[in-house]
Amino acid sequence: SALSRSDTVTLQQRLSALGYNIGQADGIIGSKTSAAVKTVQQILAEAGYDVKITGVADEATVGLVLDDDNTDLLLTLIPGSSGTRVKELQQRLIDLNLLCGSADGILGQDTVTAIRSFEEWASGKCLPGVTADGNVTVAEYRLVMSDRSRYGLIAPVFYDPSRPDSLETGHLYAAHAVLMDAYTG
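Residues numbered from 1 in each chain as written. Predicted model: local features only at pLDDT ≥ 70, side-chain atom pairs only at ≥ 80, totals over all residues. Heavy atoms only, no water.

*Asks:* If you had to explain the packing of aromatic side chains to someone new, which residues and values would you point to?
*Replies:* Given two aromatic rings, their pairing is described by the distance between the two centres and the angle made by the two planes. Under the defined criterion, the tally for this structure stands at 1 aromatic pair. Taking the centre distance of 5.4 Å and the plane angle of 45° together, the rings of Phe-118 and Trp-121 count as tilted. With a gap of 3 residues between them, Phe-118 and Trp-121 both fall in helix 6 (residues 109–124), about one helical turn apart. You can call Trp-121 buried: its relative accessible area is 14%. Above the ring of Tyr-141, the side-chain terminus of Arg-85 is found at 4.4 Å from the ring centroid. (Phe/Tyr/Trp six-rings, centres within 6.5 Å; stacked < 30°, edge-to-face > 60°. Helix = DSSP H or I, 4+ residues; strand = E, 2+ residues; numbered from the N terminus. Buried < 20%, exposed > 50% of the residue type's maximum accessible area, 1.4 Å probe, protein only. Lys NZ or Arg CZ within 6 Å of the ring centre and 35° of its normal.)

Laid out in structure tokens, this is it:
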């Protein structure tokens, strides 16, 4: 059965709160809401839930989306995800010199490649909760967004501090810097 307008608004508000780009919560299931529903269905199906990946907000999907126990799961970012959390993630990957270009808020192939590079680095550090699969769990998202210097990641990943002569513009991401002559001060 079709969702009522108020149930659709509730679903849209929940999807928006989870960081999905659905536009306005207007009670109308348009292309953005349908794409977000399809993404959450894919996440739920990969987690073992019996849902069909259709983009149609059926009763089972809506129940799982509204279930607070699924919040962390539904915050997972997968290829095709879009919204503010993807944009924030992309900006951080750009800061780390793992992603080139601009943060467009759509998790496409370039972003997946950058995520895998980060996940491989994190796996090499034996950090818990990281799987090099291109999907971003809540734990991975928090790790990317955190102060990674405590893990030995002093941005960007590809800068070799043992070779300071290799420093290039792409290694700098601060808004301001101070350059000091060591001999004269």
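Structure's up, so let's keep going.
*Asks:* Help me get a handle on the side chain of Glu-119, residues and values and all.
*Replies:* Inspection of the secondary structure assignment puts Glu-119 in helix 6. Put simply, Glu-119 is tucked away with no salt bridge, and the nearest opposite charge, on Arg-116, sits 5.3 Å away. A polar side-chain atom of Glu-119 sits 3.0 Å from the main-chain amide nitrogen of Asp-133. Setting aside its immediate chain neighbours within four residues, Glu-119 contacts Val-130, Thr-131, Ala-132, Asp-133, Gly-134, Asn-135 and Glu-140. (Lys, Arg positive; Asp, Glu negative; His and termini not counted. Salt bridge = Lys/Arg side-chain N within 4 Å of Asp/Glu carboxyl O. Polar contact = N/O pair within 3.5 Å; in protein donor to acceptor, adjacent residues only side chain to side chain. Contact = heavy atoms within 4.5 Å.)

*Asks:* How would you summarise the environment of Leu-73 if you had to cite specific residues and measurements?
*Replies:* Mapped onto the elements of the fold, Leu-73 is located in helix 4 (residues 71–74). Here the alpha-carbon distance between Leu-73 and Ala-47, two residues 26 residues apart in the chain, equals 8.1 Å. Apart from the residues within four sequence positions on either side, Leu-73 is in contact with Ile-43, Leu-44, Ala-47 and Tyr-49.

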